[in-house]
Amino acid sequence: MSQQKAWDNEYANKTFITGNNVPQADFVRFIKWYKKGVRDIEGLRIIDLGCGVGKNAFYLAERGAWVTALDISKNAIDMAKSIAKDPKQTDPADAKQITWLHQSIADVIPNVPSGSIDIAIDVTSSNSLTEEELVRYIDELRRVLKPSSYLFMRGLLLEGDTHAKFLLKEHPGSEKNTYIQPATDIVERVFTKELFEETYGEFFTIVHFEKVEHYTTVEDRKYKRSYFVAYLQIKSTK
């Protein structure tokens with residue numbers, strides 16, 4: 001099954017995603033850190049990579065940012081657009097500051113000029129990319145991000161994750177450090193801290209890296225999962 005179809009099925013059936021409109025807590029913490037230590041986000045241009053139903057994009061737009069939000073799932077984008085049109089869920093004026101795109105986050109982002117983005121947001125999205133797609137994803141980030149701009153990432157961490165180790169053994173994917181979620185056919189990649197540094201350290205300064213733990217529910221069963229939360233600043237290309 002293609003990953004686009006797998007994610008479309010997930011947004012239709014909600015095996016493990018919540019589908020609510022509450023922004024992710026680690027992401028909100030990053031935005032507060034950014035506003036305190038860098039600058040306010042009003043007027044900034046931000047890309048939300050793997051936006052889902054738009055909960056983080058709406059949070060940013062409500063605070064004055066201009067957001068380009070993209071997702072591989074057409075169902076997710078359609079749901080986000082529906083929320084954007086509902087005045088009971090979001091302010092129409094804020095919703096106008098979001099551009100919705102149905103596409104892979106590994107593809108070139110249309111109508112986004114080089115060096116125009118202040119912040120990129122990746123909340124547990126790029127872990128579904130293949131190795132080849134991950135290279136293209138990083139290349140596109142390097143194209144669109146302004147010098148010294150930031151990337152927020154939250155992803156799957158292997159250290160301390162018993163369930164991930166079980167999935168790697170029993171349901172391995174076609175590439176190293178990947179597995180196939182048996183309930184959804186979604187492919188996920190888990191990082192070690194060392195692998196994360198190898199993958200991103202050439203192009204980004206890792207300003208902050210921490211392990212966090214959350215519970216996720218799949219088919220009515222709860223699993224304790226390990227994630228990394230990272231704040232990265234793009235290195236100068238000069």
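On a predicted model such as this, the values are computed, not experimentally measured, just so you know. (Residues numbered from 1 in each chain as written. Predicted model: local features only at pLDDT ≥ 70, side-chain atom pairs only at ≥ 80, totals over all residues. Heavy atoms only, no water.)

This part is about the packing of aromatic side chains. Evaluation of the coordinates by the stated rule reveals 20 aromatic pairs. By way of ring pairs, the aromatic residues F27, F30, W33, Y34, Y59, Y150, F152 and Y231 are connected into one cluster. Over the ring of Y59 we find R63, and its NZ or CZ is 3.6 Å from the ring centre. For the cation-ring pair, R154 lies above Y227, with the distance from its terminal atom to the ring centre recorded as 4.0 Å. (Phe/Tyr/Trp six-rings, centres within 6.5 Å; stacked < 30°, edge-to-face > 60°. Lys NZ or Arg CZ within 6 Å of the ring centre and 35° of its normal.)

A separate point is a negative patch on the surface. A cluster of acidic residues, E159, E194, E197 and E198, forms a negative patch on the protein surface. If you trace the backbone, E197 turns up in helix 8 (residues 193–200). For E197, a relative accessible area of 39% puts it in the partly exposed group. (Patch = residues over 30% accessible without salt bridge, like charges linked within 9 Å, V, L, I, M, F, W, Y side chains within 5 Å. Areas by Shrake-Rupley, 256 points an atom, 1.4 Å probe, with all protein chains shown as cover. Salt bridge = Lys/Arg side-chain N within 4 Å of Asp/Glu carboxyl O. Lys, Arg positive; Asp, Glu negative; His and termini not counted. Charge placed at Lys NZ, Arg CZ, Asp CG, Glu CD. Helix = DSSP H or I, 4+ residues; strand = E, 2+ residues; numbered from the N terminus. Buried < 20%, exposed > 50% of the residue type's maximum accessible area, 1.4 Å probe, protein only.)

Below, the discussion takes up the pattern of salt bridges. Under the counting rule described, the total for this entry stands at 15 salt bridges. Here R29 and E210 are joined by a salt bridge, their closest N and O atoms 2.8 Å apart. With a gap of 181 residues between them, R29 in helix 2 (residues 25–37) and E210 in strand 8 (residues 204–218) connect regions that are remote in the sequence. K74 is paired through a salt bridge with D78; the nearest N and O atoms lie 2.9 Å apart. On the criterion of helical spacing, the pair formed by K74 and D78 is a turn pair, its members being four residues apart in helix 4 (residues 74–84). On the basis of relative accessibility, which here comes to 42%, the residue K74 falls in the partly exposed class.

For the rest of this paragraph, the subject is the packing of helix 2 against helix 3 (residues 55–62). As a packed pair, helix 2 and helix 3 sit with axes 11 Å apart at the nearest point and diverge in direction by 25 degrees. Judged on the interaxial angle alone, helix 3 and helix 2 are roughly parallel. The two elements helix 2 and helix 3 meet at a crossing, and its hand is right-handed. Side by side, helix 2 and helix 3 meet where F27, V28 and I31 of the first sit next to N56, Y59 and L60 of the second. Split into classes, the residues belonging to the contact of helix 2 with helix 3 amount to five nonpolar, one polar and no charged. (Axes fitted to C-alpha atoms, helices over the stretch in contact; angles between N-to-C directions. Parallel < 35°, antiparallel > 145°, perpendicular 65-115°, else oblique. Left-handed = near helix turned anticlockwise from the far one by under 90°. Contact = heavy atoms within 4.5 Å. Nonpolar A, V, L, I, M, F, W, Y, C, P; charged D, E, K, R; others polar.)

Residue position: Q181 is located in the loop between strand 6 (178–180) and strand 7 (187–189). Apart from the residues lying within four places of it in its own chain, the contact partners of Q181 are L167, I186, E188 and R225.

So, about the nonpolar core. Counting residues in hydrophobic clusters, the biggest one holds 46 residues, and the most contacted among them are F27, F30, L60, W100 and I121. Here L60 is in contact with F27, I31, I41, I46, A65, V67 and I121, once residues within four sequence places are set aside. (Core = buried A, V, L, I, M, F, W, Y, C linked by side-chain atoms within 4.5 Å.)

Right, let's talk about the sheet that holds strand 4 (residues 117–123) for a bit. Backbone-to-backbone hydrogen bonds pair the strands of a sheet. The strands run either parallel or antiparallel. Pairing is mixed in the open sheet, where seven strands are placed in the order 3-2-1-4-5-9-8. Of all strands in the sheet, those with a lone pairing partner are strand 3 (98–102) and strand 8, marking the two edges. Averaged over neighbouring strand pairs, the angle between their axes works out to 15 degrees when direction is ignored. The strands touched by helix 6 (residues 131–144) within the sheet are strand 1 (45–49), strand 4, strand 5 (145–156), strand 8 and strand 9 (221–234), with strand 5 carrying the most contacts at an inclination of about 145 degrees. (Pairing = 2+ DSSP bridges.)

Looking now at helix 7 (residues 162–170). Buried residues of helix 7: H163, A164 and L167, and no others. All buried residues of helix 7 project into a common sector of 100 degrees when viewed along the axis, lining one side. Exposed side of helix 7, more than 90 degrees from the buried face: T162 and K169 are the residues found there. Its side-chain oxygen placed 3.2 Å from the backbone nitrogen of H163, D161 serves as the N-cap of helix 7. (Arc of directions from axis to C-beta. Polar contact = N/O pair within 3.5 Å; in protein donor to acceptor, adjacent residues only side chain to side chain.)

On to the environment of A164. Following the sequence through the fold, A164 ends up in helix 7. For the pair A164 and V190, spaced 26 residues apart in the sequence, the C-alpha separation amounts to 7.6 Å. When residues no more than four places from it in sequence are discounted, the contact partners of A164 are L158, Y179, V190 and R225.

A separate point is the environment of V67. By the secondary structure assignment, V67 is in strand 2 (residues 66–71). For V67, a relative accessible area of 2% puts it in the buried group. Through-space distance from the C-alpha of V67 to that of I98 is 4.7 Å; in sequence the pair is 31 residues apart.

Keep in mind that these numbers describe shape and distance, not what the molecule does.
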